[in-house]
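Commentary on secondary and tertiary structure
Here's the letter readout for the chains.
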Amino acid sequence: MIEKAKLGKDGPLVGRLGYGAMVLEGYYGDSDDDSAVKTLQHAIDSGMMIDSADAYGNGHNEML
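A quick note: this is a predicted structure, and the numbers were derived from the prediction, not measured. (Residues numbered from 1 in each chain as written. Predicted model: local features only at pLDDT ≥ 70, side-chain atom pairs only at ≥ 80, totals over all residues. Heavy atoms only, no water.)

**Quick notes on the nonpolar core**
Applicable threshold: To form a nonpolar core, buried Ala, Val, Leu, Ile, Met, Phe, Trp, Tyr and Cys residues must be joined to one another through side-chain atoms within 4.5 Å. Think of it in three bands: residues with accessible area under 20% of the maximum for their type are buried, residues over 50% are exposed, and the middle band is partly exposed, with areas taken using a 1.4 Å probe on protein chains only. Numbering of helices and strands runs from the N terminus; a helix is a DSSP stretch of H or I covering at least four residues, while a strand is a stretch of E covering at least two. Here a residue-residue contact requires only that any non-hydrogen atoms of the pair lie within 4.5 Å.
Within the largest apolar cluster, six residues are counted, these being Y19, A21, L24, A36, L40 and A43. Take this core: its biggest share by element is three residues, from helix α1 (residues 33-45). The residues touching L24, leaving out its near neighbours within four places in the chain, are Y19, S31, A36, L40, N61 and L64.

Here's what the structure looks like:
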C-alpha cells in the first residue's frame, strides 16, 4: 500500500503517489476504455490519487 499524507491543512488523506490520467485519452499513444479502466482500478487499489480533468477528452477522462 502507498504511504498517505494529508492534503492541505484540513484535507483528506491521499496517496503520496498519483496517477496522471491524461495518458488515457491517447495523447501519448493508443488507449482503449477497457485497458483504461483496468489501469485506473489498479492505481486505486494501490492507494494512488488519480489526477484527472474534464478537459481530457472533453469529459471522457472523468467518465472513465
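**As for the pattern of salt bridges**
Short version of the rule: When a carboxyl oxygen of Asp or Glu lies within 4 Å of a side-chain nitrogen of Lys or Arg, that pair is called a salt bridge.
Scanning the model with the defined rule gives one salt bridge in all. Between R16 and E3 there is a salt bridge; the shortest N-O distance is 2.9 Å. Residue R16 is located in the loop between β2 (13-15) and β3 (18-20), and its partner E3 is located in the segment before β1 (4-6); the two are separated by 13 residues in the primary sequence. Overall, the relative accessible area of 55% leaves R16 in the exposed class.

**Thoughts on α1**
To keep it simple, the criterion reads: Each residue after the first adds 1.5 Å to the expected span of a helix. In this context, the arc is that of the directions from the helix axis out to the C-beta atoms. Whenever two N or O atoms come within 3.5 Å, that pair is a polar contact, provided that in protein one can donate a hydrogen and the other can accept it, and provided that, for residues adjacent in sequence, both atoms are side-chain atoms.
Compared with the 18 Å implied by 1.5 Å per residue over 13 residues, the 18 Å span of α1 between its first and last C-alpha is a close match. Residues of α1 that are buried: A36, L40 and A43. When α1 is viewed along its axis, its buried side chains cluster within an angular range of 60° and face the same direction. Residues of α1 that are exposed and point more than 90 degrees away from the buried face comprise D34, K38, H42 and D45. Residues of α1 that are buried make contact with β3 and β4 (49-51). A side-chain oxygen of the first residue of α1 lies 3.2 Å from the backbone nitrogen of D34; this N-cap is D32.

**Topic: the environment of N61**
Mapping N61 onto the fold places it in helix α2 (residues 60-63). Considering only alpha carbons, one finds N61 and A21, 40 residues apart in sequence, at a separation of 7.2 Å. Residues within four places of N61 in sequence aside, it is in contact with A21, M22, L24, E25, S52, A53 and Y56. Only 2.8 Å separates the side chain of N61 from the backbone oxygen of A21, close enough to count as a polar contact.

Purely spatial values, then, with no claim about function.
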